[in-house]
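# Structural overview for review
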Amino acid sequence: MSEQTIALVTGANKGIGYEIAAGLGALGWRVGVGARDRERRETAVAKLRAAGVDAFGVPLDVTDDASVAGAARLVEEDAGRLDVLVNNAGITGSVPQMPTTVDPATVRTVVETNVIGVIRVTNAMLPLLRRSPAPRIVNMSSGVGSLTRQTTPGSDTGPIAVAYTPSKTFLNAVTVQYAKELGDTNILVNAACPGYCATDLNGFRGVRTPEQGAAVAIRLATLPADGPTGGFFDDEGEVPW
């Protein structure tokens, strides 16, 4: 079993996920780059290795049971355990997403990736996480999922998006449920808001860099034993539910 700290980041071939992998790798960790597309995954791994990161590719489609099971087997064969899981893979879905006109299939597709995909990956990796002396799970959420912010007059939570925005609210609730069930273990589970980062998810309209967005995930991935669990955080601290 590896003496290195082992992390797996889903959707790590680009954007915030890539920067999370780079940041964790800079700590001397061995980092699994989870991604569906083989070419993009291999390119990301090569780039990370060129930067000195001990990276390895993990073929991973979070919407596919067999793919997720295969990823868990690969991590087990490679490292014998998993110390940190960052559930970063996510989609916005097709737009517009007005509640009165949305195609229900759009909502279903977004939830399948952003919520059910997180559950699928987390449950597949839990046996490996339980072997870690300090396991951490970080779910990449968004401030738009905050019901408090959505209902505060004057608060900017972006355009109406009945698939994407509620999927992050759902993910926050799922994070709390995991934290409650795992409360008597040493597994800390938290949700992270990276802020409005310029990535292809939003057509690069964001005002923060992916590297800035990765910082909160890296902080939650490296929490001490007495760190929080079941929380929702950004760079400034706790985000209201």
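Rules and cut-offs
- Residues numbered from 1 in each chain as written.
- Predicted model: local features only at pLDDT ≥ 70, side-chain atom pairs only at ≥ 80, totals over all residues.
- Heavy atoms only, no water.
- Helix = DSSP H or I, 4+ residues; strand = E, 2+ residues; numbered from the N terminus.
- Axes fitted to C-alpha atoms, helices over the stretch in contact; angles between N-to-C directions.
- Left-handed = near helix turned anticlockwise from the far one by under 90°.
- Contact = heavy atoms within 4.5 Å.
- Nonpolar A, V, L, I, M, F, W, Y, C, P; charged D, E, K, R; others polar.
- Expected span 1.5 Å × (residues − 1).
- Buried < 20%, exposed > 50% of the residue type's maximum accessible area, 1.4 Å probe, protein only.
- Arc of directions from axis to C-beta.
- Polar contact = N/O pair within 3.5 Å; in protein donor to acceptor, adjacent residues only side chain to side chain.
- Core = buried A, V, L, I, M, F, W, Y, C linked by side-chain atoms within 4.5 Å.
- Pairing = 2+ DSSP bridges.
- Parallel < 35°, antiparallel > 145°, perpendicular 65-115°, else oblique.

This paragraph deals with the environment of aspartate 235. Mapped onto the secondary structure, aspartate 235 falls in the loop between β7 (232-234) and β8 (237-238). In the structure, aspartate 235 is positioned 171 residues away from aspartate 64 in sequence and 32 Å away in space, judged by C-alpha atoms.

Right, let's get into the packing of helix α1 (residues 15-25) against helix α2 (residues 38-50). Any two packed helices are characterised by how steeply their axes cross, that is the angle between the axes, and by the distance between the axes. Packing of α1 against α2 leaves a shortest axis separation of 11 Å and a crossing angle of 35°. Between α1 and α2 lies a crossing of right-handed hand. Of the residues in α2, those touching α1 at Tyr18, Ala21 and Ala22 are Ala44, Lys47 and Leu48. When the residues that make up the contact of α1 with α2 are grouped by side-chain class, the tally is five nonpolar, no polar and one charged.

Let us look at α2. Relative to the 18 Å expected for 13 residues at 1.5 Å per residue, α2 spans 18 Å between its end C-alpha atoms, a close match to the ideal helical length. Every buried residue of α2 is listed here: Arg41, Ala44, Val45 and Leu48. Down the axis, α2 shows its buried residues gathered within 100° of arc, on one side only. Opposite the buried face of α2, by more than 90 degrees, sit the exposed residues Glu39, Thr43, Lys47 and Ala50. Where α2 is buried, its residues meet α1, β2 (30-35) and β3 (54-59). You can read the cap of α2 off the contacts: a side-chain oxygen lies 3.1 Å from the backbone nitrogen of glutamate 39, and it is on aspartate 37.

Core analysis: the biggest nonpolar cluster contains 30 residues, and Val9, Ile20, Leu24, Val86, Val138 and Met140 have the highest contact counts within it. Listing elements by their share of this core, those giving two or more residues are β1 (6-10), α1, β2, α2, β4 (84-87), β5 (136-140), β6 (188-192) and α7 (210-221). If one sorts the elements of this core by residue count, α7 sits on top with six residues. Excluding its chain neighbours within four sequence positions, the residues that come into contact with valine 138 are Leu85, Val86, Asn87, Asn190, Ala192, Ala217, Leu220 and Ala221. Residues Ala72, Val121, Ile137 and Leu182 belong to the second largest nonpolar core, which totals 27 residues.

The next subject is the sheet that holds β5. One open sheet accounts for eight strands, arranged β3-β2-β1-β4-β5-β6-β7-β8; its pairing is mixed. Of all the strands in the sheet, just β3 and β8 have a single pairing partner and so form its edges. Bridging between β6 and β7 involves two bridges; their strand directions are parallel. Looking at the pairing, alanine 192 lines up with phenylalanine 233 of β7. Its contacts with the sheet put α1 on β1, β2, β4 and β5, and the angle it makes with β1 is roughly 170°.

Right, let's talk about the environment of glutamate 236 for a bit. Its location among the elements puts glutamate 236 in the loop between β7 and β8. By relative accessible area, which is 79% here, glutamate 236 ends up exposed. Considered as a pair, glutamate 236 and valine 216 are 20 residues apart in the sequence and their alpha carbons are 9.2 Å apart.

Between α1 and α7, whose axes approach to 8 Å, the crossing angle comes to 55°. It follows that α1 is oblique to α7 by the angle criterion. Here the hand of the crossing between α1 and α7 comes out right-handed. Side by side, α1 and α7 meet where Gly15, Ile16, Glu19, Ile20, Gly23 and Leu24 of the first sit next to Pro210, Glu211, Gly213, Ala214, Ala217, Ile218 and Ala221 of the second. A class-by-class count of the residues in the contact of α1 with α7 yields eight nonpolar, three polar and two charged.

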